[in-house]
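Read off the chains here:
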Amino acid sequence: MDFKRTIAGLIAPENVGVDEVYAALAPTPDITKGDVCLPCFKFSKALRKSPQAIAEELKNRLDESGCDLIEKSAVEGGYLNIFYNRSKAAEELFAEVKRNGGAVVAKEQSGKTVCIDYSSINIAKPFHIGHLLTTVIGGSLYRIYKYLGYNAVGINHLGDWGTQFGKMISAYLRWGDDADIEKRGVRALLDLYVRFHAEAETDKALEAEGRAWFKKIEDGDPQALEIFGKFKDITLKEVKRVYERLGVEFDSYAGESFYNDKMQPVIDDLRNKGLLTESEGATVVDLEKYGMPPCLILKSDGATLYATRDLAAAVYRKNHYDFYKNLYVVAYQQNLHFRQIFKVLELMGYDWAKDCVHVAFGMVSLEGQGALSTRKGNVVFLDDVLDAAVQKAEEVIDGKNPDLENKKQIAAEVGVGAVVFGALSSGRIKDLSFSLDKALSFEGETAPYLQYTHARCRSVAERAGEVKGKFDPSVLRDDDAFTLVRLIGEFDKTVETAAEKYEPSVISRYLLDVAAAYNRFYLNCRIIGQAPDVSYTRLALTSLVAEVLEKGLNLLLIKAPDKM
């Protein structure tokens, strides 16, 4: 039940839109001063009045509306503080839950498509801790857009083109051991890659040999393609297992090589529109007047670059999916690259260039580990991080609840959830130094804390059994209970905000607020053994909290065990 939408519709002035008022309404930090407040400062320019005068005017409008959802309102400075009729608000919320068949119900399909390019691992290279943010941010956005009724298309733009694959073939033919590769997979391939670069420091012929083998891949040489195909199969087999652990899915694995035959039409289009110029032998789009260096389209030898393939990919995605939004979940180091790509698309006359969005994020490292370098072999495999988290979770569970059923499964859900939440609990643009010990704490802002609160809700319901009472909204008027009512009513808006900002951490913060509010309610409001209507109503609220936590965690790729 979106109470704020109702209020915005009642008080929005003629020259200030309902959506603008709705966006400005916020929960009151101090619940004793109201349930929701409207800062009127931002409307002063449009209405040519002081914030205080605007607040007074809107208060009168609200008072005259006779809305039974509102108990009273008050002006404090330039703020309009609004108190809900708590019994009515609780009644409305539970009535809507009953109508919908649940507190959290996915929206109907809108017909709009959102393409999300994320994870995008490299063939024959490790799936390491540095891939964590792109993978889980993208995977979470995929679920968020699906929940909101969009047709989400998850795209893993594989790094499967470039000279490095010629180097890998050279290394494989010189030192490769099929039995070792069969046993250790990508780790064995990584060792070959590292050895190639170490040997190339003294044997200069190796670089030329690597380039020659990549030329054979480009020319369709059967031996080169067979070896490269083997590398691809090994990599995808391993990474799909990690994706399954994380709950991440894709609809397309069309990587860079997929666009080889789709680049020439884009190059021709750029040339026909007079956008290409020569610069030091290379072919570029000059972006100086837009405050950017030139966007390289072709090297001096005619070879294509990342930009060429990304332009071809964007055009293909628009033609193939007719997207509403086209998101790229890629680290902030690529800010300039995407600014250039989007500007070139705009100069080509594509009005949908404005629908392409770079969802940037910071760097991730493991506490105690330095910078990562694939060439030097200094990498931390994501699989190893997940294994360590699951092992630590099992040790914690052994100490807290050694007789827990399905202990290994729950340890896996808690351990993996801790890693994912560690990546999604802060704003995506921040650099992340990941600590397993902090992530696996059952206290504070962690996934185990949220999972434990969910399990507590389920445990309360199980212990209570069937309570013969009826729903009494007046039971939920006190601050502890009504804080939860208010929060539950904000679930959908929270998910919408996460989608608008491309920021799963909005949901993370919300769930932490819900969990903290429930734990206060649990301590201060006895649930079991009260008068039948009181117990029934408080159990109903507990059930809604459990549903919100479970569905919210699901949007963050995290499981919510019923017992812990």
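Keep in mind that what you see is a predicted model, and the values were worked out from it rather than measured.

## Quick word on the overall build of the protein
So, point 1. The helix and strand tally for the protein stands at 22 helices and 13 strands.
So, point 2. Dimensions along the principal axes, computed over C-alpha positions, put the protein at roughly 85 × 65 × 40 Å.
So, point 3. Residues counted as buried form 53% of the 564 residues belonging to the protein.
So, point 4. A separation of at least 24 residues holds for 73% of the contacts in the protein among residues at least 6 apart in sequence.
So, point 5. The centroid of the 72 positive side-chain charges in the protein is displaced by 1 Å from the centroid of its 82 negative side-chain charges.

## Focus: the packing of helix α20 (residues 491–501) against helix α21 (residues 505–524)
A packed helix pair is summarised by two numbers, namely the angle formed by the two axes and the spacing between the axes.
So, point 1. Where α20 meets α21, the axes come as close as 8 Å, and the angle between the chain directions of the two elements is 150°. With respect to each other, α20 and α21 are oriented roughly antiparallel. Where α20 approaches α21, its residues Phe491, Thr494, Val495, Thr497 and Ala498 are matched on the opposing element by Val506, Ile507 and Tyr510.
So, point 2. Tallied by class, the residues present in the contact of α20 with α21 amount to 6 nonpolar, 2 polar and no charged.

## With respect to the sheet that holds strand β7 (residues 276–279)
So, point 1. The strand order β7-β8-β9 describes an open sheet built from 3 strands, whose pairing is antiparallel. Of all strands in the sheet, those bounded by a partner on one side alone are β7 and β9 (295–298). Strand-to-strand, the axes of this sheet are offset by a mean angle of 45°, without reference to chain direction.

## Structural notes on the packing of aromatic side chains
So, point 1. A full pass over the atoms with the stated rule returns 25 aromatic pairs.
So, point 2. Arranged with centres 5.9 Å apart and planes meeting at 85°, the rings of tyrosine 147 and phenylalanine 491 form a pair that is edge-to-face. A residue pair is termed long-range when its members are at least 10 positions apart, and tyrosine 147 in helix α6 (residues 132–147) and phenylalanine 491 in helix α20 qualify at 344 residues.
So, point 3. Judged by its relative accessible area of 8%, tyrosine 147 falls in the buried class.
So, point 4. When the ring of phenylalanine 338 is compared with that of phenylalanine 342, the centres are 5.8 Å apart and the planes differ by 40°; the resulting orientation is tilted. Of the two residues, phenylalanine 338 and phenylalanine 342 both sit in helix α14 (residues 335–347), 4 residues apart, roughly one turn of that helix. Of the two residues examined, phenylalanine 338 and phenylalanine 342, each falls in the buried class.
So, point 5. Through a chain of ring-to-ring contacts, the aromatic side chains of Tyr118, Phe127, Tyr243, Phe250 and Tyr253 assemble into a single cluster.

## Focus: the layout of surface pockets
So, point 1. There is about 440 Å³ of room inside the second largest pocket.
So, point 2. Broken down by secondary-structure element, the contributors of at least two residues to the lining of the second largest pocket are α2 (18–24), β1 (26–27), α20 and α21.
So, point 3. Looking at which element gives the most residues to the lining of the second largest pocket, the answer is α20, with 5 residues.
So, point 4. Tallied by class, the residues present in the lining of the second largest pocket amount to 8 nonpolar, 2 polar and 7 charged.

## Some remarks on the nonpolar core
So, point 1. Core analysis: the largest hydrophobic core is formed by 161 residues, its most contacted members being Leu38 and Tyr145.
So, point 2. In contact with tyrosine 145, other than residues within four places in its own chain, are Val114, Ile116, Tyr150, Ala152, Leu327, Ala499 and Tyr502.
So, point 3. The next biggest cluster of nonpolar side chains, apart from the first, holds 34 residues, and it includes Val153, Ile155, Ile267 and Leu275.

## What to know about the sheet that holds strand β4 (residues 79–84)
So, point 1. Strand order in the open sheet formed by 4 strands is β1-β2-β4-β3, with antiparallel pairing between adjacent strands. The sheet terminates laterally at β1 and β3 (70–76), the two strands that pair on one side only.
So, point 2. Contacts between helix α4 (residues 51–65) and the sheet are confined to β2 (36–39), β3 and β4, with β3 contributing the most and set at about 165° to the helix.

## Concerning the pattern of salt bridges
So, point 1. Scanning all chains against the criterion turns up 39 salt bridges.
So, point 2. Residue arginine 195 is joined to glutamate 199 by a salt bridge in which the shortest nitrogen-to-oxygen separation is 3.4 Å. Of this pair, arginine 195 and glutamate 199 both sit in helix α9 (residues 186–200), 4 residues apart, roughly one helical turn.
So, point 3. Exposure remark for arginine 195: the relative accessible area of 38% places this residue in the partly exposed category.

## A closer look at the confidence of the model for the protein
So, point 1. Of all residues in the protein, 98% attain a pLDDT of 70 or more, and the chain-wide mean is 93.
So, point 2. Per-residue pLDDT stays below 50 along residues 371–375; that stretch engages in 19 contacts with residues further than four places along the chain or on separate chains.

Analysis parameters
- Residues numbered from 1 in each chain as written.
- Predicted model: local features only at pLDDT ≥ 70, side-chain atom pairs only at ≥ 80, totals over all residues.
- Heavy atoms only, no water.
- Helix = DSSP H or I, 4+ residues; strand = E, 2+ residues; numbered from the N terminus.
- Buried < 20%, exposed > 50% of the residue type's maximum accessible area, 1.4 Å probe, protein only.
- Contact = heavy atoms within 4.5 Å.
- Lys, Arg positive; Asp, Glu negative; His and termini not counted.
- Charge placed at Lys NZ, Arg CZ, Asp CG, Glu CD.
- Axes fitted to C-alpha atoms, helices over the stretch in contact; angles between N-to-C directions.
- Parallel < 35°, antiparallel > 145°, perpendicular 65-115°, else oblique.
- Nonpolar A, V, L, I, M, F, W, Y, C, P; charged D, E, K, R; others polar.
- Pairing = 2+ DSSP bridges.
- Phe/Tyr/Trp six-rings, centres within 6.5 Å; stacked < 30°, edge-to-face > 60°.
- 1 Å grid on protein atoms, 1.4 Å probe; cavity = no way out; pocket = protein on both sides within 12 Å on 5 of 7 lines; lining within 4 Å.
- Points joined across faces, edges and corners; volume = space filled by probe spheres on them.
- Core = buried A, V, L, I, M, F, W, Y, C linked by side-chain atoms within 4.5 Å.
- Salt bridge = Lys/Arg side-chain N within 4 Å of Asp/Glu carboxyl O.
- pLDDT = per-residue confidence, 0-100.

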